[in-house]
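# Close look at the chain arrangement
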Amino acid sequence: MIGEGLAGDPAQWLAPGGPVAEALRAQGVPFEPRAQQVAMCSAVHEAFQQDRHLLVEAGTGVGKTFAYLLPALLHAQRTGQAVAVSTSSIALQEQLVRRDLPLLARVLPGLDWALLKGRGNYLCLRRMHAALAERGLFEGDLRDRLEDVAAWSESPGEGSRQEMPSDPGDAAWDLVRAERDNCLGPRCKHYEVCSYQASRRRAQQAQLIVINHHLLVSDLVLRRGGGSMLPPLAAVVVDEAHDLEEVAAEHLGTRVSASSLVQALGRLWNARNRSGLLAAHADAALRAEVEAVRGEVLAFFDGLAASLPGGSRAGARGDGRGRGPTALAFPEPSPVPPALGERLKVLGGVLIDRAEGLLAGGEALEQAARGRSLVVAGEALLGLCGPTPAGMVRWLDTQGRLPALCAAPVDVGPTLQQALWSQVGSAVLTSATLATGRPPSFDYLRGRLGVAEAAECVLGSPFDYPRQARLVLVAGLPDPSRESHAWEQALPEAVLAAVRATQGGALVLFTSRSSMQACAEALREPLAADGLELLVQGEGLDRSQLLERLREGGGVLMGLASFWQGVDVPGDALRHVIITRLPFQPPDHPLQQARSRRVEELGGDPFAELSLPQAALRLKQGFGRLVRRSTDHGRVTILDPRTRTKGYGRTLLESLPACPVEVQHATPAGAPPPEPAAPDEEWPVDGPGPDDLPPARTR
């Protein structure tokens with residue numbers, strides 16, 4: 001248990017002469033006292049003591065992790081039950097378990113924590129050895145990756161995929177990951193050293209459990225069916241709470257991916273190279289049935305996209321360039337044939353029955369697990385055959401090489417209220433981006449997440465934004481919503497001018513893959529001529545590798561949604577964030593359309609109550625990539641002219657930290673870059689009317 005020294009108000013531990021400051025100094029890290037951090041710590045402590053929920057927006061640099069970890073640990077000590085901390089990103093999980101909690105352990109004797117991930121993140125030694133025994137059946141690259149996994153499995157650590165020095169890829173990991181339907185439990189000879197089982201045992205004993213939103217919502221789903229992965233909890237801290245709605249919608253819905261079905265059937269039997277789990281099976285008819293069902297799956301998905309409204313040009317198999325619609329709505333009646341779902345269920349049942357006759361226990365378990373997965377997929381397809389259930393929306397996701405059938409609840413708030421907020425004594429929801437508007441309001445978040453009763457706290461950043469940051473608004477570019485073709489034509493030149501203004505050190509944020517790829521192709525040679533390395537999401541390097549290259553300096557990184565948050569590149573390596581387009585959700589996405597209709601049914605304004613708050617939160621996240629330390633300086637450039645020409649531009653800009661604002665005019669192709677606007681220049685307007693912003697320079 002934690003020592004008696006943490007009794008009372010844990011905020012005292014964050015004082016300039018307190019234990020946390022001393023522990024940081026012992027590691028050579030300077031301690032910066034922050035009034036906002038102390039205020040948040042006291043607010044979280046009070047919420048836990050009173051068994052109340054709390055919403056906290058803590059600006060960048062507040063140090064919110066210490067502000068909730070100390071009260072959480074004290075609460076665990078007081079109640080004798082664990083507190084869970086749920087995050088959205090792996091980066092924050094890594095910060096908690098590799099930096100923050102080990103530092104607190106230096107000053108809090110007996111501190112005990114555990115990191116728990118979903119089962120599929122952990123290595124199964126039994127499956128790994130079975131795959132290695134058959135590696136001669138696999139192609140060269142897959143064989144090499146399996147051997148890399150085997151070599152890594154000898155290393156100390158938690159045994160999760162994220163620890164590997166290089167990612168093994170989905171094909172190899174699917175052969176070795178832990179699976180619920182493929183687990184022998186205590187009967188397995190590797191049980192005592194199993195990474196997943198060890199993590200479960202640690203979590204059952206820990207005072208503080210670090211999880212992610214996916215695991216949090218998965219546990220809610222299990223609890224509705226009488227199971228659970230987590231022990232009884234005294235409280236929950238939901239960090240990066242702005243991401244919880246989308247994660248909940250995913251887990252409370254359905255997804256049947258064509259690629260996952262094809263891959264699962266190919267792992268059973270691949271007729272091209274005569275490999276797979278059934279390669280040594282005596283029943284040739286079973287292999288033929290697997291191949292026939294695989295053909296039916298491909299035929300169905302190949303024709304589905306073209307049969308849906310608006311999907312005639314999209315095709316079922318994407319070209320990888322993000323062209324065409326990314327989601328197509330289901331018509332009524334559903335185009336999904338019940339025959340395919342039934343065929344998958346029957347095949348799955350046969351595999352389960354035939355597995356009992358196999359001599360090798362491991363092979364029987366593997367085949368039965370594959371059969372159960374096909375049964376589940378068949379049941380999901382059958383669920384997509386009938387009329388759309390009330391409160392749900394269904395669509396075809398066409399973003400990947402092969403499409404996926406999806407269904408999700410329009411509103412996850414009632415489920416979260418019933419299954420989480422009403423079941424836990426205290427929940428703290430926090431992020432640097434939770435409130436919208438001025439004065440800041442949590443109404444949007446409350447409505448989306450179903451948080452009816454909660455205290456509120458808005459804490460600004462301790463950073464000196466007027467001194468450290470500048471906001472540049474570019475005038476004269478086409479309106480991307482009304483002149484989309486002209487906008488796409490002008491965008492590369494505008495991005496190049498912005499990048500050259502700081503000689504690189506730039507993160508360029510996009511909302512469209514096709515726009516990003518077009519800009520990358522247009523700017524590859526000009527940037528190389530300037531001596532700047534162009535880094536593009538999806539061109540070979542993974543996210544962590546891209547960020548590491550950017551940290552080396554002299555680079556320009558182009559990224560999509562995942563780079564609008566969780567990017568922490570301090571110093572001169574990232575001195576310019578370029579936002580190409582305001583981050584509104586695609587209005588034609590079926591889920592967004594259904595949410596808008598729901599707002600209308602309740603008498604609200606979908607744009608004001610849904611689209612605008614979503615964009616404001618995402619814009620704040622993008623802006624927050626710039627200043628990560630008190631010594632950082634730089635600029636944020638917004639290329640979208642609607643910040644100045646539309647009435648909602650004021651709302652979006654007011655969501656950002658107050659800093660000097662400069663207006664620049666777009667540079668025509670081939671012209672020299674313009675001089676910066678004079679300090680007293682007024683913002684020009686593009687025409688009279690109430691939608692135009694008044695002259696202003698500093699907010």
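Conventions used here
Residues numbered from 1 in each chain as written. Predicted model: local features only at pLDDT ≥ 70, side-chain atom pairs only at ≥ 80, totals over all residues. Heavy atoms only, no water. Helix = DSSP H or I, 4+ residues; strand = E, 2+ residues; numbered from the N terminus. Rg over C-alpha atoms; globule rule 2.2 N^0.38 Å. Buried < 20%, exposed > 50% of the residue type's maximum accessible area, 1.4 Å probe, protein only. Contact = heavy atoms within 4.5 Å. Areas by Shrake-Rupley, 256 points an atom, 1.4 Å probe, with all protein chains shown as cover. Phe/Tyr/Trp six-rings, centres within 6.5 Å; stacked < 30°, edge-to-face > 60°. Lys NZ or Arg CZ within 6 Å of the ring centre and 35° of its normal. Expected span 1.5 Å × (residues − 1). Arc of directions from axis to C-beta. Pairing = 2+ DSSP bridges. Axes fitted to C-alpha atoms, helices over the stretch in contact; angles between N-to-C directions. pLDDT = per-residue confidence, 0-100. Parallel < 35°, antiparallel > 145°, perpendicular 65-115°, else oblique. Left-handed = near helix turned anticlockwise from the far one by under 90°. Nonpolar A, V, L, I, M, F, W, Y, C, P; charged D, E, K, R; others polar. Polar contact = N/O pair within 3.5 Å; in protein donor to acceptor, adjacent residues only side chain to side chain.

A few words now on the overall build of the protein chain. Secondary structure assignment for the protein chain yields 24 helices and 18 strands. For a compact globule of 699 residues, the expected C-alpha radius of gyration is about 27 Å, and the protein chain comes in at 27 Å, within 12% of that figure. By principal-axis analysis of the C-alpha atoms, the protein chain measures approximately 85 × 65 × 55 Å. Going through the 699 residues of the protein chain one by one, you find that 51% of them count as buried. The long-range fraction of contacts in the protein chain, counting pairs at least 24 apart against all pairs at least 6 apart in sequence, stands at 75%. As presented, the protein chain carries roughly 30,000 Å² of accessible surface, and 51% of it is formed by carbon and sulfur atoms.

Below, the discussion takes up the packing of aromatic side chains. Taken as a whole and assessed by the stated rule, the structure comprises eight aromatic pairs. Geometrically, the ring pair formed by F584 and Y648 is edge-to-face, given 5.5 Å between the ring centres and 85 degrees between the ring planes. Taken together, the residues span a long stretch of sequence, with F584 in the loop between β16 (576-579) and α21 (590-601) and Y648 in helix α24 (residues 648-654) at a distance of 64 residues. In this structure, F584 and Y648 share a single accessibility class: buried. Joined through ring pairs, the aromatic side chains of F463, Y465 and F623 make up one cluster. The aromatic ring of F563 is capped on one face by R543, whose charged end is 5.0 Å from the ring centroid.

Before going further, it helps to examine helix α13 (residues 338-355). Spacing of three or four residues puts side chains on the same side of an α-helix, whose turn is 3.6 residues. Taking 1.5 Å of rise per residue, 18 residues should cover 26 Å, and α13 covers 26 Å from first to last C-alpha, within 8% of that figure. The complete set of buried residues in α13 reads L340, G341, L344, L347, G348, L351 and A355. Down the axis of α13, the buried side of the element spans an arc of 130 degrees, and every buried residue falls inside it. α13 presents A339, V346 and D353 as exposed residues on the side facing more than 90 degrees away from its buried surface.

A word on the pairing of β16. Here β16 shows two buried faces, one formed by H576 and I578 and the other by V577 and I579. The pairing of strand β13 (residues 506-509) with β16 spans four bridges and is parallel. Bridge assignment links V508 to a residue of β16, and that residue is I578. By the bridge criterion, four bridges tie β16 to strand β17 (residues 634-638) in an arrangement that is parallel.

This paragraph deals with the sheet that holds strand β8 (residues 392-397). A sheet is described by the order of its strands in space; here four strands give the open sequence β6-β9-β8-β7, paired in antiparallel fashion. A strand with exactly one partner marks an edge of an open sheet, and here the two such strands are β6 (254-257) and β7 (327-329). Recorded for the sheet is a direction-independent mean angle of 25 degrees between the axes of neighbouring strands.

The next thing to look at is the confidence of the model for the protein chain. For the protein chain, the mean per-residue pLDDT works out to 88, and 91% of the residues sit at or above 70. Per-residue pLDDT stays below 50 along residues 1-5; that stretch engages in 12 contacts with residues further than four places along the chain or on separate chains.

The next subject is unusual backbone geometry. Residue E332 is joined to P333 through a cis peptide bond whose omega torsion reads 0 degrees. Its location among the elements puts P333 in the loop between β7 and α13. Following R438, the chain continues to P439 via a peptide bond in cis, the omega torsion being 5 degrees. Here P439 is to be found in the loop between β10 (426-431) and α16 (443-449).

Interaxial distance between helix α18 (residues 484-501) and helix α19 (residues 513-529) falls to 9 Å at its minimum, and their mutual angle equals 50 degrees. By the angle between their axes, α18 is oblique relative to α19. When the axes of α18 and α19 are compared, the crossing they make is right-handed. Contact residues: E488, L491, P492, V495, L496, V499 and R500 in α18; S515, C519, A522, L523, P526 and L527 in α19. Residues of the contact of α18 with α19, tallied by class, amount to 10 nonpolar, one polar and two charged.

At their nearest, the axes of helix α5 (residues 125-133) and helix α6 (residues 140-152) sit 10 Å apart, and the two run at 140 degrees to each other. As far as their axial angle goes, α6 and α5 are oblique. Crossing of α5 against α6: the hand is left-handed. Taken together, the residues of α6 that come into contact with α5 (itself represented by M128, A131 and L132) are L146, E147, V149 and A150. A class-by-class count of the residues in the contact of α5 with α6 yields six nonpolar, no polar and one charged.

Our next topic: the side chain of H213. Tracing the backbone through its elements, the reader meets H213 in helix α9 (residues 213-224). One polar contact links H213 to S86, side chain to side chain, over a distance of 2.7 Å. Apart from residues no more than four positions distant in its own chain, H213 is found in contact with S86, T87, S88, V238, D239, E240, A241, D243, L244 and V247.

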